[in-house]
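# Working through the structure, step by step
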Amino acid sequence: MKEFWKNLTRKQIILMITAVLSLLAFLILTIASNGLSGGLDTQNMAGRWSEKGGVSQISCFFSRDSGVDENTIKGFEHALEAALLEASITSESPNANARLWADAYSASGKLVITGNSSQVEVNAIGVGGDFFLFHPLYLLNGSYFSGSDLMQDHIIIDEDIAWQLFGSNDVVGQQVTIGGVPHLIGGVIRRDSGRMNDNAGNGSSIAYVSFETMHKNLGEFAVINHYEIVMPNPVSKFALGIVKEKIGVAESEIEIVENTTRYQLLPLLEVLRNFGMRSMNGKAIIYPYWENIAKGYEDILALLLVFRFLFLLYPVILLVILLVVLVKHRTWHFRDVKAWAERKWEVIRIKGITKKQKKKAEPPEELDEEEPWL
């Protein structure tokens, strides 16, 4: 080993060190990429729904002219049940109430919320279904509500709204009015902050109400913009195919994303392929803040993929060059290697035959005289 290091030139040592550093950089970027891809709760509903896998999360984003309403969603749900039944996909859980799938829909708009002595106009999300399963917001106080609740007068506000209206964030159980209708504050959330959140549309006060409240206040302007579902995916693209086939919306009015696989290698390569055209959206779709953040993560992970490839390519190229040099300056021939392998194999074969012959030639073990014959 000492002779090996003594024979290395300074250039060779530098190349070896840079190759090791490059490989280390590749490993660090790979770990960072895996951490980023798993860091968005809105993209990891499938993992929370089933630890065993076999499920997929799909998101749909509709244009304002798509005409999607609650009847559209109900129609898709009925079609989905029929498709799962036809494919013989049933629940294997011992729990009789276990569900095969969960979904949520939402609409964006602005609402005026009135407190005891003041009012604020805020960005609002009108939700239906199990919205907060897909979006586990950070609750400071209180709890979520479900779109299936009989009482549709709950509201969740962020702490900025709470401070503006009541001077405190401990306001669960207090009442506000929206369009003259009293609503009960069910929870107070902490809104994520940072440059990406601000640019994605999550930089100002936000409230979450039922879709019914949104529709009552905005009327025809309360259009369902987003739909999400987690469902069985026994084979690749099964869930995606069901959604595309059964959703009932023209392709020009919808964008469908498979969240579960969007940060894997092939989708990220597709992001790189369309990198210069990603901002060219011809479908008049306005994405919610969580999808804007998810797209930002796609860009970051795609760039990290490029650097990972380059950092890995460098030591691989050096290794290939080293192998070529070793082969070029070899003092042996491939026929010698072949002959050596044949000799080794012959030795192993003969040893095996000898071992079998010796075993056959061994006399049988003597029986213990005290053991009775049967």
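Check the entry above for the structure.
Quick caveat, the model's predicted, so the values are computed rather than measured. (Residues numbered from 1 in each chain as written. Predicted model: local features only at pLDDT ≥ 70, side-chain atom pairs only at ≥ 80, totals over all residues. Heavy atoms only, no water.)

### Some points on the pattern of salt bridges
Scanning the entire structure with this criterion turns up 13 salt bridges. With a closest N to O distance of 3.5 Å, Glu255 and Lys295 form a salt bridge. In this pair, Glu255 sits in strand S10 (residues 254-258) while Lys295 sits in helix H11 (residues 289-328), placing the two residues 40 residues apart along the sequence. Accessibility classification places Glu255 together with Lys295 in one group, the buried group. (Salt bridge = Lys/Arg side-chain N within 4 Å of Asp/Glu carboxyl O. Helix = DSSP H or I, 4+ residues; strand = E, 2+ residues; numbered from the N terminus. Buried < 20%, exposed > 50% of the residue type's maximum accessible area, 1.4 Å probe, protein only.)

### Remarks on the pairing of strand S7 (residues 181-190)
Successive side chains on a regular strand alternate, one facing one side of the sheet and the next facing the other. The pairing of strand S4 (residues 138-142) with S7 spans 4 bridges and is classified as antiparallel. Across the sheet, the residue bridging to Tyr138 is Arg190, located in S7. Looking at chain direction, strand S5 (residues 154-158) and S7 are connected through 5 bridges and run parallel. From the neighbouring strand, Ile155 faces S7, where its bridge partner is Ile185. Bridge count for strand S6 (residues 175-178) against S7 is 4 bridges, and the pairing is antiparallel. Bridge pairing in S7 links Val176 to His183. The loop that links S6 with its antiparallel partner S7 comprises 2 residues; one of these, Gly179, has a positive phi angle of about 60 degrees. (Pairing = 2+ DSSP bridges.)

### Focus: helix H9 (residues 238-246)
Within the span of H9, buried status applies to Phe238, Ala239, Leu240, Ile242 and Val243. Following H9 by one or two positions, Gly248 adopts a phi angle in the positive range, close to 75 degrees.

Geometry only, nothing functional implied.
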